[in-house]
Amino acid sequence: MRQPLRSWVPTLCLVALLGCDPGNAPPDGGSTLPDAGNTPQVMVGLEPATVTLVAGGTHRFTATVTGSRETLVSWSATGGDITGEGVYTAPAAAGTYTVRATSVADASRYAESSVTVTEPPVRSPPMITHFVAAPATIDPGQGATLNWEVVGATSLSIEPEVGTVTGSRVAVRPSKTTAYTLRATNEVGSVTANVTVTVTVPPDTWASLGWAHELPGNYDSDVYRWLDAGRKQRTAVLTRNDSRDPGGSYGGMLRQFRFHVGTQERVATGTGASGLWNGWGYVVSHYGNTVAYSANTAGNHRRVFVGRHHAVHEFSWSIPIGGIPVKVTVHWFFSTGRDHPVYAVTFDTSAAGSGGLSTSADSRTPYGDIAWDGDGTNARVDGVKWGDKYRFFSRDEPLTAQSRWDYRQLNTVPYTLTYSRSADAEMGMVQTLDWLQHNTGGTWFHDNWGHASEDRVNANLFGSWLMPPNWNWPYQMCQYEMSDTQPTLSKRLAWGLMYGAVGSPSYVPYGNEGRLSGHPYQSYSVFMVMGRQSAETVLAQATQVERMLRAQLVAIQGALVSEGPPGVARSDTARYPVSGYNSTYAAYELLPDMTGNFTVTLNAAGGDIQNPVFLVHKAGGVPGRVYLDGVPLIADLDYFASSDASSGVVWLTLNRVWSGSHTLSTASGNGVR
């Protein structure tokens, strides 16, 4: 093909300027014929002289014509195409081809260039020639480096949690054994390679919580075993409540509790007192001259959740009170790293209608008899203590109806306990909220707040006793088994709420301060506590609750849960007394952000907190990593986690004495990868 082109080169050739001899061949690939006379010689130049292209590749050639006023050229090629502007397109077939520029002024004058056309390159995915971890095995908390060599990739990424990478290495710090996948991608496709970083399992990781269906002493039971804060096993035997047990009750209680005192295991089993109380944790409510109780009522039981380190067990009944079926639901909550289970109860009197129960009912729930001093010890009771708005304690040991007492010290978190100094044992309950957040206590002994036995109020009501008369204790303990002068061996222990607290839309609470409602729900939670009297185990737990309530929790990523069901088996919601604190299970409750991660700062402003528990609304299972102040924690050692897939909840117990302010996070930031 010939195409004329106007050259930009001047029409006259200056021999000196071009550096050429008219009698010789033109330089740089030009060609010429002998000059006739003095006519300027026409010459054609073509650049470049040689080109190598792939099939379909293009290149621009430049031609010059000198020695003539006409500077146009025509283009031709032996293969491929060339435009009138000298833009060449190589043919599809490989080979050697020629591009020619011919002077329009003199067709005998031309210049040529050689074009080599190669086969198009073979397009293929990238190649990973090397992907290793150094070191491949690390101890918890250590890091490793992933190294790779890749050919032909346009992008690289590593999962899990690393993401897009460049270069040839990246540092990682997995909290558990992790298989990493390197993906190399180009326009053709992608390839992958894998390497595993093994995190050695510390020999001191903690065993998981366990559940079993067993029949100790022919009591049909659900048995829970877990490690407490001292890493000693505790065992709770919960007797099923759908048929009568060998002791004659319908169960639904703690038949046996096993825990360690030093190196020795203490076993506490239900005493069978009064021919009925075969354990502790029964539901009891008084109204008029009648007692409604779960020991004489068949009910239902189920395992709400049993995870790696946490469990919730449920008992439920329909118990008639004043002819109305009252639905009562109890949850037992166990957690690795916690000494004491939580007992949570809800009375649902909805069946009574808007007016509530026609009778005034109290609560002594949980109620029962269990040998908290250890099976076979049968020690005398040396003293009793309780706390509502004030703290009460007996002053003379062993405890008798003639023991002096003191009720003058202000109190924050309600509790009750009975103890034996001779057996170095005690048992009690501690509420998960303070006195103002949930009123507790029954009867009318509050008129002695701020007093002691020496200046007691309404002494004429005491009869022959120096201690409060048995009918006027805010919490039921061993008072009905006491004589006027002799110590008691009774291990009876119960909680207490005022008459009307169950089922009355408006009732006067203990202390006569305002009015409260117990309809359609009455809910509360207590820690069930057993331990050494010398360690003041119950009071130590009351201090822990006070510190949990006073702690300052702030969400940096995600949010605190500030309202929810105020008790078990409830569909209504209410604002929590402390934002982010779920009093049903005594746990800090969190909501992650859209990525499923959370970051919170907890300041133990009220004092050290032992092994705090977090309840996280997180679907998708246990977080891959947990960080404390940016440092990755070790699962089953630094923290204990369980995932409840059915409710989309993750439980986390930190194995730490939480002192001061620290940040807990599941995010991959914090300067750690």
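Definitions and cut-offs
All residue numbers refer to positions counted from 1 along the written sequence of the respective chain. Totals for whole chains, interfaces and linings use all residues, but because this is a predicted model, local features are given only for residues with pLDDT of at least 70 and pairs of side-chain atoms are given and counted only at 80 or more. Note that the side-chain values use all heavy atoms of the structure and ignore hydrogens as well as water. Only runs of H or I of at least four residues qualify as helices and only runs of E of at least two qualify as strands under DSSP, and these elements are numbered from the N terminus. In this description the radius of gyration comes from C-alpha coordinates, and the expected globular size is given by 2.2 Å times residues to the power 0.38. Burial here depends on accessible area, computed with a 1.4 Å probe over protein chains only, as a share of the maximum for the residue type. Under 20% is buried, over 50% is exposed, and the range in between is partly exposed. The contact rule is simple, with two residues in contact once any of their heavy atoms fall within 4.5 Å. For the accessible areas, the method is Shrake-Rupley and the probe is 1.4 Å, while residue cover comes only from the protein chains on display. This count recognises Lys and Arg as positive and Asp and Glu as negative, with His and chain-terminal groups excluded. For charged residues, the charge sits on one atom: NZ in Lys, CZ in Arg, CG in Asp, CD in Glu. For this analysis, a ring pair means two rings from Phe, Tyr or Trp (six-membered ring only for Trp) whose centres lie within 6.5 Å, classed as stacked if their planes differ by under 30 degrees, edge-to-face if by over 60, and tilted for the remaining angles. Note on pairing: DSSP must find at least two bridges between two strands before they are called paired. Here a polar contact is recorded for every N or O atom pair within 3.5 Å, except that within protein the pair must consist of a potential hydrogen donor and a potential acceptor, and residues adjacent in sequence are included only if both atoms are side-chain atoms. Take the buried Ala, Val, Leu, Ile, Met, Phe, Trp, Tyr and Cys residues and link them wherever side-chain atoms come within 4.5 Å; each set so joined is a nonpolar core. Confidence of the predictor at the level of single residues is given by pLDDT, which spans 0 to 100.

Peer 1: Provide a residue-level description of the overall build of the protein chain, including the pertinent values.
Peer 2: A count of helices and strands for the protein chain gives two helices and 53 strands. By the compact-globule yardstick of 26 Å for 673 residues, the protein chain is too spread out, its C-alpha radius of gyration being 44 Å. In terms of overall dimensions, the protein chain has C-alpha extents of about 155 × 50 × 45 Å along its principal axes. Counting the 673 residues in the protein chain, one finds 53% classified as buried. Of the contacts formed within the protein chain by residues at least 6 apart in sequence, a portion of 63% connects residues at least 24 apart. Element-wise, carbon and sulfur atoms account for 50% of the exposed surface of the protein chain, whose accessible area totals about 27400 Å². Of the charged side chains in the protein chain, 47 are positive and 55 negative; the average position of the first set lies 3 Å away from that of the second.

Peer 1: Help me get a handle on the packing of aromatic side chains, residues and values and all.
Peer 2: Any aromatic ring pair is given by two values, namely how distant the centres are and how the planes are angled relative to each other. Evaluation of the coordinates by the stated rule reveals 35 aromatic pairs. Look at Trp 226 and Phe 257: their rings are 6.3 Å apart centre to centre, the planes differ by 45°, and that puts the pair in the tilted class. You can see Trp 226 sitting in strand E19 (residues 221-227) and its partner Phe 257 sitting in strand E21 (residues 253-261), a full 31 residues away along the chain. You can call Phe 257 buried: its relative accessible area is 0%.

Peer 1: Explain the sheet that holds strand E11 (residues 137-138) residue by residue, including any values.
Peer 2: Across a sheet, paired strands are connected by hydrogen bonds in the backbone, their directions being either parallel or antiparallel. As summarised here, the arrangement of the five strands in space is E11-E17-E16-E13-E14, forming an open sheet in which the pairing is mixed. Looking at which strands have only one partner, the edges of the open sheet turn out to be E11 and strand E14 (163-165). Where strand E13 (residues 155-159) and strand E16 (residues 178-185) come together, five bridges link them in antiparallel fashion. Across the sheet, Leu 156 pairs through a bridge with Ala 184, a residue of E16.

Peer 1: I'd love a proper account of the side chain of Asp 373, names of residues and values included.
Peer 2: Its location among the elements puts Asp 373 in the loop between strand E31 (367-369) and strand E32 (383-387). Judged by relative accessible area, Asp 373 falls into the buried class, the value being 4%. A polar side-chain atom of Asp 373 sits 2.6 Å from the main-chain amide nitrogen of Ala 379. With near-sequence residues (within four places) excluded, Asp 373 lies in contact with Arg 266, Asn 378, Ala 379, Ala 423, Ala 425 and Lys 491.

Peer 1: Now, about the nonpolar core: what can you tell me, with residues and values included?
Peer 2: Trp 332, Phe 334, Val 384, Tyr 407 and Met 530 are the most contacted members of the largest nonpolar core, which has 69 residues in total. In this view, Met 530 contacts Arg 234, Phe 257, Phe 259, Ala 268, His 340, Ile 370, Trp 372, Glu 426, Met 427 and Thr 537; residues no more than four positions away in its chain are not counted. By size, the runner-up hydrophobic cluster in this structure holds 50 residues, among which are Leu 539, Ala 542, Val 578 and Leu 664.

Peer 1: Give a detailed account of the environment of Val 117, specifying residues and quantitative values.
Peer 2: Tracing the chain through its elements places Val 117 in strand E9 (residues 110-118). Along the backbone, Val 117 and Arg 183 are 66 residues apart, and their C-alpha atoms lie at a distance of 35 Å. Discounting residues that sit within four places of it in the chain, Val 117 has contacts with Leu 53, Val 54, Ala 55, Ala 90, Pro 91, Ala 93, Ala 94, Gly 95 and Tyr 97.

Peer 1: Would you mind going over the confidence of the model for the protein chain in detail, with residue names and values included?
Peer 2: A residue-level look at the protein chain finds 93% of positions with pLDDT of 70 or above and a mean pLDDT of 91. Residue range residues 1-37 is modelled with pLDDT below 50. Its contacts to residues more than four positions away, or to other chains, number 82 contacts.

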